[in-house]
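Below, each chain spelled out in residue letters.
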Amino acid sequence: MADPRAESEPLLSRARGDGGRDCPAGSASCRPGAASWRDLCFDQAAVFIEDAIQYRSINHRMDVRSMWLYRLYYSNACQWILSFTIFLILFLAFIESPSSLTSTADVRYRSAPWDPPCGLTEGVEVLCLLVFVADVSVKSYLVGWAQFRTNPWLLAYLVVLVVSLTDWIVSLSLLCQERLRVRRLLRPFFLMQNSSMMKKTLKCIRSSLPEMASVLLLLALHLCVFTMSGMLLFTGEKQGDGQDRERLIYFRNLPEALTSLLVLLTTANNPDVMIPAYSKNRAYAIFFIVFTLIGSLFLMNLLTAIIYNQFRGYLMKSFQTSLFRRRLGARAAYEVLSSVTAEGEAHPREVGVRPRDFLQVLQRVQLDGSHTQAVMEKVRSYGGDLLSAGEFQKLFNEFDKRVIKEPPPRPEYPSPFLRRAQIAFSHRYFDYLGNFIALGNLVSISVFLVIDADVLPEDRDDFVLGILNCAFILYYVLELLLKVFALGLPGYLAHSSNVFDGLLTAVLLVLEISTLAVYRFPHPGWKPETLGLLSLWDMARLVNSLIVVRFLRIIPSLKLMAVVASTILDLIRNMRAFGGILVVVYYVFAILGISLFRGVIVAPGNGSLSPDNSSAPCGSFEQLEYWPNNFDDFAAALITLWNVMVVNNWQVFLDAYRRYSGPWSKIYFVLWWLVSSVVWVNLFLALILENFLHKWDRRSHLQSLAGDPDSTYQTSAELLFSLQGMLLVGGPYLRAPQDSGVTQTAAGTPSLPAPALCPAAPLRGHWPAWRATPPRRLPTPGF
């Protein structure tokens, strides 16, 4: 049962603001209708609108001081400082011992790395940790102690900071000579806790683990059965030469046989593992073909299907939760402003928000000017009528629309000839001509590269290519001038493609003038000399090849290509969470690899047990000269992990580290293969499928809609939202997302956090009752 006093108390009282009282109870400044109360409601509405725009939870303190701190925390400056701090503490791994500041990772040629003095990187690290301490302190204060105790991410944040600071103190006490620093393994947590998308991705992976574990168990059983069968098949009293080679190379003992078949599961050693037995008897091929069919083509693809089935709808559910937060924040702002409207009228007959109140609040919202102007124009279109709940919600559609800026006016010329020339040079056919000329430039460069591939540099004659290069650059300069003439300088600079073309043309012109000044005008037998790594002539040809980017402008004109291109762009935007997960995994495994295998790979000679290249077996680590693939520093560890993730020749790494460090090293590489190649790559494939299918289905649906200006938003938002049985405006909610900051009562209606509004007047409208009872669960996913 809700406490009626909680609904009648102002937000700044202790009953709602957690001790945030800023004025004595009953004073004039706290009386409904006072200027301070009006400003408070406007500030609260501004915060709610910002939460709605940024898809943040509204479950936080709303007293005056807390709102000031909340807006300061989410300001661009504070968020930039926090992001830079996360980047800095992760980047320390490249500088601190063992340092990656060497020109090569090859153990044969690598010089002694720079070893930073003790306290240098530790000083930078403690500054980063202090920023994180301030971050968790602010978050904990804003959500309140009750929410802090129930939020696992904030609790884990505090534990990680305590462990990191303790390990930092231990490191300084040992003069930075400890081999393992636990806090290095914990650094990726700072990246994860700052991204809600990464948290959702981890939640998706966690929900997929039971099904993935069942398939992995079948895969392990499949490996064990065929390992036993292979050892029995390739051993016996009578053995031919093929069987002996198969047994001695791939099935010598149980670990070797298991490793050989595990690598065959990735097809990295196919058909090498089959050739010794197959060369003796073709019937032995059946064993390896059946193993590959069951393992690679059935079980591995089944694992992909399971991951996609769990991941299917991930983007839709994520978008639905974000949209629910926006609706919640918008409705909260509406209720605050409608209460201001009701208090301003003696006998209110209508419920709504005055447009002038909303415009005043909008001036306090941290928003870019283009969207602010669009929303203001939309509000003014309603005149002086009160905004209903539905109209207020529709205003937030403007924040998702792409603001198209009007191009600057073109210059006006009095002469008819100049006006006709202006029309011709601003036509799209003139752009097509430029693309055709650029294509000819690329073809000419490619032809001469093929012709001169087998010619020594001192025997080349660059006369024809030099003339062509001068001609192409002159055309680019002429094209730039003609476009500036037709569009005007502001109009030319208004298009990003023109800016890129202009910068590229300027660079080419400077390089061409420098080349002509140094090597004179092209003539028969003209041979510009190479001075340093690249000559001016080679630099000009290299920059000239960037003209290929001009052809990207034709993508929007091809519908099917535009769908694929938009899918790729959306994939890049949605890859931030998946890329962050990959960064976390790489970081942790690289630090573990440095702790386990640092100094294991030693260059041949100087007392090393490594055989030289001439005596090494064919296909071995030494014969292939894989010396840069080591774990002697962080950068080298990342490249080594990448090469293993690709699984091309990864059996070479398994064999080399088994010989140099012991058989237990296989556990590390197999775990890395499972996490990177099996789990993450399949998640990436699921993301591609989900994104493309969603984009393709949305395109098909848009084609079936007839001219509704709001159809795009309806398709991308409201229809997705209604899939979960929800009514968007003015209706009961059947189900609320678990991380939306809303809990459900027994009757199925949502119960919002109590400290949300300043209800000096009873709430009106069709929105479900705002409850003041303590909710069962108030997660704060925004933090």
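Here is a short report on the structure shown in this document. (Residues numbered from 1 in each chain as written. Predicted model: local features only at pLDDT ≥ 70, side-chain atom pairs only at ≥ 80, totals over all residues. Heavy atoms only, no water.)

Attention now goes to the side chain of S296. Structurally, the position occupied by S296 is in helix α15 (residues 285-311). In terms of polar contacts, S296 uses its side chain to reach the backbone carbonyl oxygen of L265, at 2.7 Å. What S296 contacts, discounting residues up to four positions off in sequence, is L264, L265, T267, F291 and N301. (Helix = DSSP H or I, 4+ residues; strand = E, 2+ residues; numbered from the N terminus. Polar contact = N/O pair within 3.5 Å; in protein donor to acceptor, adjacent residues only side chain to side chain. Contact = heavy atoms within 4.5 Å.)

This next bit is on the state of the cysteines. Considering all chains together, one arrives at 1 disulfide under this definition. Between the sulfur atoms of C118 and its disulfide partner C176 the distance amounts to 2.0 Å. Sign of the S-S torsion, about 60° for the bond between C118 and C176, identifies this disulfide as right-handed. Here the residue C118 occupies a position in the loop between α5 (76-95) and α6 (120-143), and C176 occupies one in the loop between α8 (152-173) and α9 (182-186), the gap between them amounting to 58 residues. (Disulfide = S-S within 2.5 Å.)

This part covers the packing of aromatic side chains. Within the structure shown, the criterion is met by 45 aromatic pairs. With a centroid separation of 5.7 Å and 55° between ring planes, the pair formed by F589 and Y668 is classed as tilted. On the criterion of sequence distance, the pair formed by F589 in helix α25 (residues 559-597) and Y668 in helix α28 (residues 665-704) is long-range, its members being 79 residues apart. Judged by its relative accessible area of 13%, F589 is buried. Note on Y668: relative accessible area 6%, which makes it buried. Cluster of aromatic residues (ring-pair linked, three or more members): Y586, F589, F597, F631, Y657, W664, Y668, F669 and W672. Residue placement shows R56 over the ring face of Y74; its charged tip is 3.9 Å from the ring centre. If you follow R659 out to its NZ or CZ, it ends over the ring of Y660, 5.3 Å from the centre. (Phe/Tyr/Trp six-rings, centres within 6.5 Å; stacked < 30°, edge-to-face > 60°. Buried < 20%, exposed > 50% of the residue type's maximum accessible area, 1.4 Å probe, protein only. Lys NZ or Arg CZ within 6 Å of the ring centre and 35° of its normal.)

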